[in-house]
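Chain and residue survey
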Amino acid sequence: MSELNLIIAGVGGQGSILASHIVAIAAIKAGLRARVGETFGAAMRGGAVASHVRIGKTVEGPLVPCDGADVIVAVEPLEGLRNAVKFLKPGGLVITNIHPWYPMDVNIGRARYPSMEEIEQAISKLKGKLIKLDATKLAQEAGNVRTANTVMLGALAATGKLPFPAEVLKEAIKENVPPKTIDANARAFELGMKALSK
Amino acid sequence: MGKLTDFITQDAPGKRVLLMGNQAIARGAIEAGVQVAASYPGTPASEILETLADAAQKLGFHAEWSTNEKVAFEVAAGAAITGVRAITSMKNAGLNWVMDMFMTLVYGGVRGGFVIAVADDPDAHYSSNEQDTRFAAFYGEIPCLEPSNAQEAKDMCKYAFELSEQLELPVFLRSVTRISHASGDVELGPIKAPERRPVFDKHWRMAWRWNVYGPPGPVEKHRWLHSKQAEIEQAVEKLPWNELKLVEGAELGIIASGIAASFAKDALRLLGVEDKVAFLKLAAPVPVAKQLTSKLLKSVKRVLVVEEGEPVIELQVKALAKDVAPGVELLGRFTGHVPRVGELNPDIAKQSIAKALGMELEKDEEREKIKEEIQKLVAPRSSTLCAGCPHLGTYWALKQALKRVGGKVPIVNGDIGCYEQGGYGIAGKRYEPSDSSESKAYPIQAPYETLDTNYIMGGGIGLMQGQHHAGYKDGALVAVAGDSTYFHACLPAIVNAVYNKAKGVFVVMDNHWTAMTGHQPDPCTGVTATGEEAAKLSIEGIAQAIGVEFVEVTDPYDLKATQQTIERAIQSGKFAIVVSRRVCTLQALRLKQYKPRAKQTRVNEEKCTGCMLCVSFGCPATTFDTERKKAGIDPILCVNCGMCKQVCPFGAIEEVKE
Ligand SMILES: Cc1ncc(C[n+]2csc(CCOP(=O)(O)OP(=O)(O)O)c2C)c(N)n1
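Reading guide: rules and limits
- Residues numbered from 1 in each chain as written.
- Chains lettered and ligands numbered in written order.
- Predicted model: local features only at pLDDT ≥ 70, side-chain atom pairs only at ≥ 80, totals over all residues.
- Heavy atoms only, no water.
- Buried < 20%, exposed > 50% of the residue type's maximum accessible area, 1.4 Å probe, protein only.
- Helix = DSSP H or I, 4+ residues; strand = E, 2+ residues; numbered from the N terminus.
- Pairing = 2+ DSSP bridges.
- Contact = heavy atoms within 4.5 Å.
- Axes fitted to C-alpha atoms, helices over the stretch in contact; angles between N-to-C directions.
- Patch = residues over 30% accessible without salt bridge, like charges linked within 9 Å, V, L, I, M, F, W, Y side chains within 5 Å.
- Areas by Shrake-Rupley, 256 points an atom, 1.4 Å probe, with all protein chains shown as cover.
- Salt bridge = Lys/Arg side-chain N within 4 Å of Asp/Glu carboxyl O.
- Buried area = accessible area lost by both parts, 1.4 Å probe.
- Nonpolar A, V, L, I, M, F, W, Y, C, P; charged D, E, K, R; others polar.
- Near = heavy atom within 4 Å.
- Polar contact = N/O pair within 3.5 Å; in protein donor to acceptor, adjacent residues only side chain to side chain.
- Domains from an automatic or database assignment.

1. Things to note about the pairing of strand β1 (residues 3-11) of chain A
Residues and elements named next belong to chain A.
- Of all nine residues that make up β1, nine are buried, and the element is covered over most of its length.
- Burial along β1 is two-sided: the residues E3, N5, I7, A9 and V11 and L4, L6, I8 and G10 are all buried.
- Of the strand pairs in this sheet, β1 and strand β4 (residues 69-74) are connected by four bridges, and their pairing is parallel. Of the residues in β4, the one forming a bridge with A9 is A74.

Pasting the structure below:
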């Protein structure tokens, strides 16, 4: 593949932007060209966040075109669906955490949160493949709930879609997460990788 | 992490790193040996100064968050007059504040390199408007550089200092959200130490250089500025980031700049027409490089201009084409090939280019239908204030106070900050336009429906005075603003209210930080941009000193007391200031000034009547089960602030020890 278009989606506070930067840093370490475009709200928690990562010789702008994402990594399921509708390439892959973070609109009964079955059907109608894992639970197992983003990166590495070895990504994680969380993140990465190879 | 500070200050030429556009601009300034950096926060520009502030102490230069952009601009300009290199950075709207100094400084220019870095925000992701500030460079008759990726952001910023010194004029560096908040691989260059000694020569190369009124006066200095234009025109022809690719036999040529050039390149490849279309990337949208552009114009039949924002390049190319290639058809925003509003992206660029080529883009109708269906499943995620945000308390208290003593149709004038969400509406609810000849009351169902007017920083308190002087009698007049906004833009308006005898209540929602733009310190925080301890200015003290007769301070976590304070303020009939003070919850949690986990807040379902009053409080931690008609609290989001407990009239919200 000459170019990888990846989107990491989630909710503000879940670390999806950091995760996208880590992937791009790993790509640069591997000698590739990388672009990251992020969309996020203000400094608040709880807003929809999506980060576009583009890796390859030919990439110019930081945004993935419509129907152009090879892989969508969803740290939160609804946010995965929100981005898949617009950006998933037919034949592309969605890796999603199954643990929802309900929007206020849902919490107060003004909107309905789609079921996992509905999300599965939607991805299949979009001609995409879906991989599910409970990243939030695995992050707890790793010793820090906030490492769900790293669990997802482990899963991403296990798919073999990245144009560089998993080791490079591991190193980039180690160098870029808060020092106190290095061990938890390393465990989270392994758990994410294992969850997929099962 | 601290990693950024490490490599942003590292003298490691050739090293390749990932930098956000704003960090890249900062690094460019560092490589140029910048000595003074001044800014006021504003998304998407804030990280420029944040990065510089991180590096300032280590490298030994000055970086500051100024009170507002005008002051920041002047701080940087003052330094440049003494021959050192200086940068000021701001968001689009910030530039509106500096225009007076901007338009006049250029009459004498600068001695040390002076870079004005402005981040525009097409699509208004974080802004009240979509303004294109490149017009300011046009207006001020100085060159504007526009990077198309992070590497160029760094390199152009560094070069802008050199160009500024060569021209003895400020140089404008225009970014946009998709540059500032995008990241890319950047190869670092060597760092230049910030060690120039400032000097002052009143008549440096021009009599009364730094005093626009000094003889020969403004008109002659304007003439001097014009005499610089030829040199500017030559400089922009030679910028190393210009790219001209002529294609034999090509009918279409594209002229693009900045991020739009990157989108256009992506689009050309998506369409598979890279080798069939001539292409010119202009590193400077102002002024357009005439020779390069003429070459392109003369080689094709049609030209499409792809630029982000308003038709700044397009207008210049139109004027130029009239002289050099009158037969060429010009396509762009004026012909509908490029949309007039919103931002560009690779898909829009693709459509524009396809249209210009007369290419029919394939449409997968079936897929579009499927997408429409799926879209219905995608629940909105409305933006809200944070769980436990003090602004929630202030808005609740204000709503109750207005209900009791606010009259029929009170007017709440909003302002810019996290609390501007008080006017975002809720869950995408849309209102039909109304055309009432009488003042009309609308219920406030949630804090997100509080603000009746809102435009720009500091705007609300002025509007309120106009409503008073117009003789508005149908309800109370209120304005709100945050602490950072208070210092930025409200002080002259407070002086005005006292002097011109306006009445109304001004609520300062003081959370001690410039929260919305990412928690930068302001004059009441107690620290500077570089983390040094600083004076904490007193909001109420300043108001009292100006002569405001009613000034009271309240804690928004105490809903009743805050409500009563606002009621007293309204009933005083004076110009009254209420300071509703509590540190931003998010920041308090981060700084460990607030420990939330001592207890658990829960809903006692036996007592809950399903009245939804707690829901209307607007905290994102409050949940509601529509089938069972019971409220709940999300234990992960809740910070146990106790505000919702005060809202519930049935005592159904309880705090239990963990
Ligand atoms: C002229 C201008 N400069 C900067 C901004 C960016 N901005 C948006 S809100 C805000 C201030 C927020 O601070 P504060 O008033 O203390 O409110 P808070 O967000 O802390 O509630 C700033 C600087 C702007 N909108 N306009």
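The discussion continues.
2. Regarding the environment of A:V85
- For A:V85, the location among the structural elements is in helix α2 (residues 77-87).
- On the basis of relative accessibility, which here comes to 3%, the residue A:V85 falls in the buried class.
- Sequence spacing of A:V85 and A:E38 is 47 residues, and the spatial spacing of their C-alpha atoms is 18 Å.
- Setting aside chain neighbours within four positions, we find A:V85 in contact with A:L126, B:K371, B:I374, B:Q375 and B:V378.

3. Examining the sheet that holds strand β5 (residues 88-97) of chain A
- Read from one edge of the open sheet, eight strands run β6(A)-β5(A)-β4(A)-β1(A)-β3(A)-β2(A)-β8(B)-β1(B), paired in mixed fashion. The open sheet has two edge strands, β6 (129-133) of chain A together with β1 (16-20) of chain B, and neither has a second partner. The mean angle between the axes of side-by-side strands here comes to 20 degrees, regardless of whether they run parallel or antiparallel.
- Bridge analysis of β1(A) against strand β3 (residues 48-56) of chain A gives nine bridges, and the strand direction is antiparallel. Counted as the bridge partner of A:A9 is A:A50 from β3(A).
- On the sheet, helix α7 (residues 150-167) of chain B packs against β1 and β8 (182-187) of chain B and is oriented at approximately 65 degrees with respect to β8(B).

4. Comments concerning a nonpolar patch on the surface
Residue and element names in this part refer to chain B.
- Together, F135, F138, Y139, L315 and F334 line one region of the surface with nonpolar side chains, adding up to about 510 Å² of accessible area.
- The element contributing the most residues to the nonpolar patch is helix α6 (residues 134-140), with three residues.
- You can see Y139 is positioned in helix α6.
- Take Y139: its relative accessible area is 57%, and that puts it in the exposed class.

5. Structural notes on the interface of chain A and chain B
- Counting residues at the interface gives 67 residues for chain A, matched by 59 residues for chain B.
- Between chain A and chain B lies a buried interface of about 5,300 Å² when both sides are counted; carbon and sulfur atoms form 59% of it.
- Split into classes, the residues belonging to the side of chain A that touches chain B amount to 35 nonpolar, twelve polar and 20 charged.
- Where strand β2 (residues 34-39) of chain A lies against β8(B), three bridges are found, and the strand directions are antiparallel. When the bridges of β8(B) are listed, A:R35 appears paired with B:G184.

6. A few points about the site of the ligand
All names here are of chain B.
- Around the ligand sit 25 residues, and of these E69, H391, C418, T485 and W513 come closest.
- Contact distances for the ligand include 2.6 Å between an oxygen atom and a side-chain N or O atom of T485.
- Elements that contribute at least two residues to the shell around the ligand include exactly α5 (92-105), α18 (483-499) and β17 (513-514).
- For the shell around the ligand, the element with the highest residue contribution is α18, accounting for four residues.

7. Focus: the environment of B:F200
Residue and element names in this part refer to chain B.
- Take F200: it is sitting in the loop between β8 and α9 (217-227).
- For F200 and T517, which are 317 residues apart along the polypeptide, the C-alpha to C-alpha distance reads 36 Å.
- Residues within four places of F200 in sequence aside, it is in contact with I81 and W210.

8. Notes on the pattern of salt bridges
- Considering all chains together, one arrives at 55 salt bridges over all chains under this definition.
- The salt bridge involving A:E3 is made with A:R54; its shortest N-O contact spans 2.8 Å. Taken together, the residues A:E3 in strand β1 and A:R54 in strand β3 connect sequence positions 51 residues apart. Each member of the pair, A:E3 together with A:R54, is buried.
- A:D67 is paired through a salt bridge with B:R367; the nearest N and O atoms lie 3.3 Å apart.

9. Regarding the domain arrangement of chain B
- Under the domain assignment, chain B is made up of domain 1 (3-236), domain 2 (242-357), domain 3 (390-429 + 439-590) and domain 4 (600-656).
- Between the C-alpha centres of domain 1 of chain B and domain 4 of chain B there is a distance of 50 Å.

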